[in-house]
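Residues per chain, in single letters:
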Amino acid sequence: MWLLDKECRELLASRAWWVLLLVMGPLVGFAFISSVRSYAEASGLGGTAIGVGEAFSPLVGIWAPTFSACELAAVFLLPFVAIRVVAGDRQSGALKLELQHSMPAVARIATKGLVLLAGWVIASVPVIAAIILWRSYGGSTYVPELATVAIGHVINAALTIGIAAATASITEHPATAAILTLTATVGTWIVNFIAAVQGGLWERLASFTPTTMVSDFQHGLIRLDAVIAALTLTALGLGLAALWMRLGVPVRRRVAESIAVTVLALLVITVGTAATKSWDTSESRLNSFSKSDEKALRSIPGFLTIEVHLAPEDPRRVDLDRRVIAKLRRVRPDVNVRYQSATSIGLFEQTSAGYGEIWYDIDGKKTMSRAVTAESVLETLYSLADVSPETDSEEVFRGHPLMARPAKAATVFYVLWPALIVSAAIAVQGKR
Amino acid sequence: MEGLTKRYGAVSALSDVAFSIQPGEILGLIGPNGAGKTTLFECLAGVLPPTSGVIFIDGQPLTARSRTRTLFYLPDAIAPWPSQTVRWALDFTVGFFEGRRDLFADVIDGFQLAPMLTSPIGTLSKGQRKRVLLAIGLLTSQPMLLADEPFDGLDLRQTREVAAILQSHARAGRTLFLSIHQISDAARLCDRFVLLSGGEVCGTGTLDGLSAVARSKGAAASNLEEVFLALT
């Protein structure tokens, strides 16, 4: 309890945390206000017909952009708070005193992690204000998808805390820790970029980056393999921080233990990649085919192989991946998708024979199509497998259009929140 | 301890250091700057891994558990928990380290901490911070206290007052191992001495014993300073 009290006090004394709190209001506010305006404009155009429902889902129209502010803060602000809390003890010399307590290093770092996560949740309060405002405008909220987005951002924050804790503990100086943390977090963007250009293994790697994970959560999709990877990496970061906190242990031993822990974590992640379970919590079933299509796809016997002759950056391949393959993988995790292309953009391959072809193979029965829409792909598959889906009795998601102005939002996020934080900071400092 | 050695690459900070500490005594670690005093303390306290050597407590090799139970190390030149108040730091010491609540008032009085109890540690002067650190050390319950430069930053009057407090704790049964570079301060306070120079022990014993050794080498040894110069 003493350590928990101490870590809470250290967080309250951290200027970096107060800056994070202060900035979160305007950051979330700007994202929320912009998205409410755009949503209202799109709603004003009037379509609530079947097929455009997705465009009027608050998940995509409001919560994904609003929560993006949290992603930005988790990458660029949270590391500094975490590094201050972890490295502060070493800098001040307090660690030399505290290490003389018999408490295990893991318990120490877990306490810090817990307090930092609580600090992050407090910093996310502006998002709750956004939800309340949205409801007050008459906006619709669907709790499972909203909870999924929130959980995704908490996991992302935990991952950032893990990385920052590890670098703060391993390096001698907080500035070095900050550089390394940003290298790790921003570095994953590069993986995403290379994946978009190169495809293949990079694409698989990119599916585990924080950006992709957050993007999935923001679309109401919970992927078990990504969650296992994120939680394992968080535990690895905290574990490394605990190992390197023990100043009295020889460096050689710490290095050996770090390697062992890292190998173990990679093993868990590798095994975790076999977990194909995922949950689509979006109200609009954004990440799924209709239930009757899913049933029909599951009933197709044999192995399904798809050979796509499209370059990684070809917009048709991007469409196919996002709108068809991703959904198909959820229903048929055994689907084998092979990509064939000589270049990354495909611009100079257009005239090559076979470019643009998509070959479907079910236990040796083959057919080819060039269409990339979900409807045509499903039709091709059904025809090849000689399967007919049942008539869809499922109610079609028609969206929740809302023509509302973001009233009072500017006052809440740009005036009240900063005033509240500044007052709280002054009150806390004064009390201490 | 036996054969305690600490190397940084090719540089040897401590070489084959060996000496013993008796319960209830004030042992002074004397040496010039760079002699290896802090390194020795940190190896003893377990915050720096020694390259080799064994430390015994009551004839048994020191383990992490027995170290935590037996000794507490007070580093020099630190400002722990800079944004927390002095009162909180003392409370934390008693609570977290299971220190001695019964000494709380005496320690605050002895080190004249009352006026600064509500001040954050980071805002204190060097001397004030040293007094707070010593208070933290004396509030811990381990039978042995290792203090690195306990008089650094204190003026003459404060040094004498602090020395008196340390002596009273030693009389009450606490073993004190103090690293002191001001030889006159050490001579006034300590029962025995370990002379350290260049990472090596140059002599151990009482002032009389060390003087005899120095005289046997043909040196004038009327006080600790002369003894130190003769033996190091």
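The rules behind these values
- Residues numbered from 1 in each chain as written.
- Chains lettered and ligands numbered in written order.
- Predicted model: local features only at pLDDT ≥ 70, side-chain atom pairs only at ≥ 80, totals over all residues.
- Helix = DSSP H or I, 4+ residues; strand = E, 2+ residues; numbered from the N terminus.
- Rg over C-alpha atoms; globule rule 2.2 N^0.38 Å.
- Buried ≥ 20, exposed ≤ 12 C-beta atoms within 10 Å, placed from the backbone.
- Contact = placed C-beta atoms within 7 Å.
- Pairing = 2+ DSSP bridges.
- Expected span 1.5 Å × (residues − 1).
- Bend = angle between axes of the 7 residues up to and from the residue.
- Nonpolar A, V, L, I, M, F, W, Y, C, P; charged D, E, K, R; others polar.
- Core = buried A, V, L, I, M, F, W, Y, C linked by C-beta atoms within 7 Å.
- Axes fitted to C-alpha atoms, helices over the stretch in contact; angles between N-to-C directions.
- Parallel < 35°, antiparallel > 145°, perpendicular 65-115°, else oblique.
- Left-handed = near helix turned anticlockwise from the far one by under 90°.
- Domains from an automatic or database assignment.

Visitor: Tell me about the overall build of chain A, and name the residues and values.
Guide: In terms of regular secondary structure, chain A is built from 17 helices and six strands. Taken over C-alpha atoms, the radius of gyration comes to 25 Å for chain A, in line with the 22 Å a tight globule of 432 residues would show. The dimensions of chain A, computed from C-alpha atoms along their principal axes, are 75 × 55 × 40 Å. Counting every position in chain A, which comprises 432 residues, the buried fraction comes to 40%. Contacts spanning at least 24 positions in sequence make up 80% of the contacts within chain A whose residues lie at least 6 apart.

Visitor: I'd like a description of the pairing of strand S11 (residues 200-205) of chain B, backed by residues and values.
Guide: The two faces of the sheet receive side chains in turn, since in a regular strand these alternate between them. Where strand S10 (residues 192-197) of chain B and S11 of chain B come together, five bridges link them in antiparallel fashion. Paired with Leu196 of chain B across the bridge in S11 of chain B is Val201 of chain B.

Visitor: Kindly report on helix H9 (residues 174-198) of chain A, identifying the contributing residues and their values.
Guide: Every α-helix carries 3.6 residues per turn, so stepping three or four residues along brings you back to the same face. All names here are of chain A. Compared with an ideal rise of 1.5 Å per residue, which puts 25 residues at 36 Å, H9 spans 35 Å between its outermost C-alpha atoms and is within 8% of the ideal. In H9, a bend of some 25 degrees at Ala184 exceeds every other bend along the element. Along its buried surface, H9 packs onto helix H3 (58-76), helix H4 (78-92), helix H8 (143-170), helix H10 (200-206) and helix H11 (210-218). Of the residues one or two after H9, Gly200 is the one with positive phi, at around 60 degrees.

Visitor: Could you give me a rundown of unusual backbone geometry, with the residues and numbers involved?
Guide: Residues and elements named next belong to chain B. Positioned with a positive phi, Asp58 is a non-glycine residue whose angle comes to about 50 degrees. With respect to the secondary-structure elements, Asp58 resides in the loop between strand S5 (56-57) and strand S6 (60-61). Non-glycine residue Glu149 carries a positive phi angle of around 50 degrees. In this fold, Glu149 is placed in the loop between strand S8 (144-148) and helix H6 (156-171). Residue classification places Glu149 among the buried residues on the basis of 22 C-beta atoms within 10 Å.

Visitor: Can you break down the interface of chain B and chain A residue by residue, with the values?
Guide: Counting residues at the interface gives 22 residues for chain B, matched by 19 residues for chain A. Going through the elements one at a time, helix H2 (64-70), strand S7 (71-74) and helix H3 (86-96) of chain B are the ones with two or more residues in the side of chain B that touches chain A. When its residues are assigned to classes, the side of chain B that touches chain A shows 15 nonpolar, six polar and one charged.

Visitor: So what about the environment of Phe19 of chain B? Which residues, and what values?
Guide: Residues and elements named next belong to chain B. Inspection of the secondary structure puts Phe19 in the loop between strand S2 (11-17) and strand S3 (26-30). When the 19 C-beta atoms within 10 Å are taken as the criterion, Phe19 is described as partly exposed. Taking C-alpha positions, Phe19 is 9.7 Å from Leu4, a pair spaced 15 residues apart along the chain. Each residue touching Phe19, except ones within four places of it in the same chain, is listed here: Met1, Val194, Val201 and Thr204.

Visitor: So what's going on with the nonpolar core? Residues and values would help.
Guide: Residues and elements named next belong to chain A. Ranked by internal contacts, the top residues of the largest apolar core, which has 83 residues, are Leu78, Ala82, Ala165 and Ala241. If one sorts the elements of this core by residue count, helix H12 (residues 224-245) sits on top with 13 residues. If we skip the residues at most four places from it in the chain, Ala82 touches Leu116, Thr160, Ile161, Ala164, Ala165 and Ala168.

Visitor: How would you summarise the sheet that holds strand S6 (residues 365-369) of chain A if you had to cite specific residues and measurements?
Guide: Whether parallel or antiparallel, the strands of a sheet pair through hydrogen bonds between backbone atoms. Residue and element names in this part refer to chain A. Pairing is mixed in the open sheet, where four strands are placed in the order S4-S3-S5-S6. Among the strands making up the open sheet, the edge pair consists of strand S4 (336-339) and S6. Neighbouring strand axes in the sheet, compared pairwise and without regard to direction, differ in orientation by 15 degrees on average. Relative to S4, strand S3 (residues 304-308) runs parallel, the two sharing four bridges. By the bridge assignment for S4, Thr305 is matched with Asn336.

Visitor: How would you sum up the packing of H3 of chain B against helix H5 (residues 126-139) of chain B? Please name residues and give values.
Guide: Residue and element names in this part refer to chain B. Running from N to C, H3 and H5 point in directions that differ by 20 degrees, and their axes come no closer than 9 Å. Judged on the interaxial angle alone, H5 and H3 are roughly parallel. The way H3 lies across H5 gives a crossing that is right-handed. Residues Val86, Ala89, Leu90, Thr93 and Val94 of H3 touch H5, and the partners they reach there are Val132, Ala135, Ile136 and Leu139. The residue makeup of the contact of H3 with H5, split by class, is eight nonpolar, one polar and no charged.

Visitor: Describe the sheet that holds S2 of chain B, and please don't skip the residues or the numbers.
Guide: All names here are of chain B. Strand order across the open sheet formed by three strands is S2-S1-S4, with antiparallel pairing between neighbours. Single-partner strands in this sheet number two, and they are S2 and strand S4 (52-54). Recorded for the sheet is a direction-independent mean angle of 15 degrees between the axes of neighbouring strands. Note: strand S1 (residues 2-8) against S2, four bridges, orientation antiparallel. Residue Arg7 lies in a different strand from S2, and its bridge partner there is Ser12.

Visitor: Lay out the domain arrangement of chain A with the relevant residues and their values.
Guide: All names here are of chain A. By domain assignment, chain A separates into domain 1 (2-281 + 399-431) and domain 2 (291-385). Taken together, the contacts link six residues of domain 1 with six residues of domain 2. Residue classes in the side of domain 1 that touches domain 2 are distributed as two nonpolar, four polar and no charged.

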